[in-house]
Amino acid sequence: DNPKPGQVLKKNVWYPTVPDYIDRAFQAARAADQHAKLFYNDYNAEAVNAKSDAIYSMVKEMKDKGIPIDGVGLQAHFQMNVNNHEDKDVDTKAFSKQHRHVETDQPQDDKSERKDARHLQLEGLKLRSQVPSNWSTITENIKRFIDLGLEVHITELDIKVTGSADTQKKEAAEADAYKNMAQACLKFAPKCRSLEVWGFVDKYSWISREFLPDIYDTNYKPKPAFFSVASALNSSFLHHI
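Every value quoted in this text rests on a predicted model; they were computed, and no experiment measured them. (Residues numbered from 1 in each chain as written. Predicted model: local features only at pLDDT ≥ 70, side-chain atom pairs only at ≥ 80, totals over all residues. Heavy atoms only, no water.)

Asker: Before we move on, could you go through the packing of helix 2 (residues 50-65) against helix 5 (residues 136-146) and cite the residues and values that matter?
Answerer: Two numbers describe how helix 2 lies on helix 5: the axes approach to 11 Å, and their chain directions differ by 10 degrees. Considering their axes alone, helix 2 and helix 5 lie roughly parallel with respect to each other. Along the contact surface, helix 2 presents S52, D53, I55, Y56 and V59, while helix 5 presents N141, R144 and F145. Among the residues making up the contact of helix 2 with helix 5, the classes are represented as 4 nonpolar, 2 polar and 2 charged. (Axes fitted to C-alpha atoms, helices over the stretch in contact; angles between N-to-C directions. Helix = DSSP H or I, 4+ residues; strand = E, 2+ residues; numbered from the N terminus. Parallel < 35°, antiparallel > 145°, perpendicular 65-115°, else oblique. Contact = heavy atoms within 4.5 Å. Nonpolar A, V, L, I, M, F, W, Y, C, P; charged D, E, K, R; others polar.)

Listed below in structure tokens is the structure:
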């Protein structure tokens, strides 16, 4: 029952009782629909790191055994701190303790809704990868999955922005990160075939709107992130014609 080197599965309702439950799930899905594309989708695996190494080992072994799999989804829930020059970096653990309230449009007397919202935000802290200082770690990771013959999709892109800087500075830094993620995927088009954002308007983000996570603001106006992604898409299109 011990995990293989480079492959660590969390204990859950299936594992370790059914150690090959992932293989069986993919086989059952293919048997149910011969034409469906089958993807393994996970978080904190956008860059080359211990988790993406484990996922790489797992899907490579699946391919070697003939288990049907068509691609890998990288969720791309990112976070970044944008501070004024005179301020030190914000400690993310301390920040998480201070910001457990989530703005919602639900009635304030609905305790269950508020509890769910707080739960989502706290879970979201665990799902997020730090925006990399060097995006080559993202492109290297995408490439190695593609080299296995798999498609790569960016499936849940949003960016949680914290720090002491003003909104304009935060949105500018966020726009650069969105553009870099788009370019990392587009570099391998059409094998990196899809880039999907997790929601599109800050007002209804699954985390608090104060973190500016999406490409439209609370008034449904496109933010700099929208235009940076559009620029990356336009540049890629012009490059390929």
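Asker: An account of helix 2 is requested, with residue identities and associated values reported.
Answerer: Taking 1.5 Å per residue as the helical rise, helix 2 with its 16 residues ought to reach 22 Å, and the 23 Å between its terminal C-alpha atoms agrees with that figure. What helix 2 keeps buried is the set S52, A54, I55, M58, V59 and M62. Projected down its long axis, helix 2 carries its buried residues within an arc of 155 degrees, all on one side. Across helix 2 from its buried face, at more than 90 degrees, point the exposed residues A50 and D64. Buried residues in helix 2 make contact with helix 1 (21-32), strand 1 (39-42), strand 2 (71-74) and helix 5. One side-chain oxygen of the residue at the start of helix 2 lies 3.0 Å from the amide nitrogen of K51, identifying that residue as N49. G66 lies just past helix 2 and shows a positive phi near 85 degrees. (Expected span 1.5 Å × (residues − 1). Buried < 20%, exposed > 50% of the residue type's maximum accessible area, 1.4 Å probe, protein only. Arc of directions from axis to C-beta. Polar contact = N/O pair within 3.5 Å; in protein donor to acceptor, adjacent residues only side chain to side chain.)

Asker: Break down helix 1 for me, citing the residues and quoting the values.
Answerer: In an α-helix, one full turn covers 3.6 residues, which means residues spaced three or four apart are oriented alike. Here helix 1 contains 12 residues, and its C-alpha end-to-end distance of 16 Å stays within 8% of the 16 Å for a straight helix at 1.5 Å per residue. Lining the buried residues of helix 1 we find strand 1 and helix 2.

Asker: Now, about the confidence of the model for the protein chain: what can you tell me, with residues and values included?
Answerer: In the predicted model, the protein chain carries a mean pLDDT of 83, and 77% of its residues have values of at least 70. A low-confidence stretch, residues 88-125 stays under pLDDT 50, and its non-local contacts, those more than four residues away or across chains, total 42 contacts. (pLDDT = per-residue confidence, 0-100.)

Asker: I'd love a proper account of unusual backbone geometry, names of residues and values included.
Answerer: Cis geometry is found at the peptide bond from Y15 to P16, where omega equals 10 degrees. For P16, the location among the structural elements is in the segment before helix 1. Even without glycine at this site, A76 takes up a positive phi of about 65 degrees. In this structure, A76 sits in the loop between strand 2 and strand 3 (77-81). A relative accessible area of 0% means that A76 is categorised as buried. Look at Y220: it is not a glycine, yet its phi comes out positive at around 65 degrees. Inspection of the secondary structure puts Y220 in the loop between strand 6 (192-197) and helix 7 (224-239).

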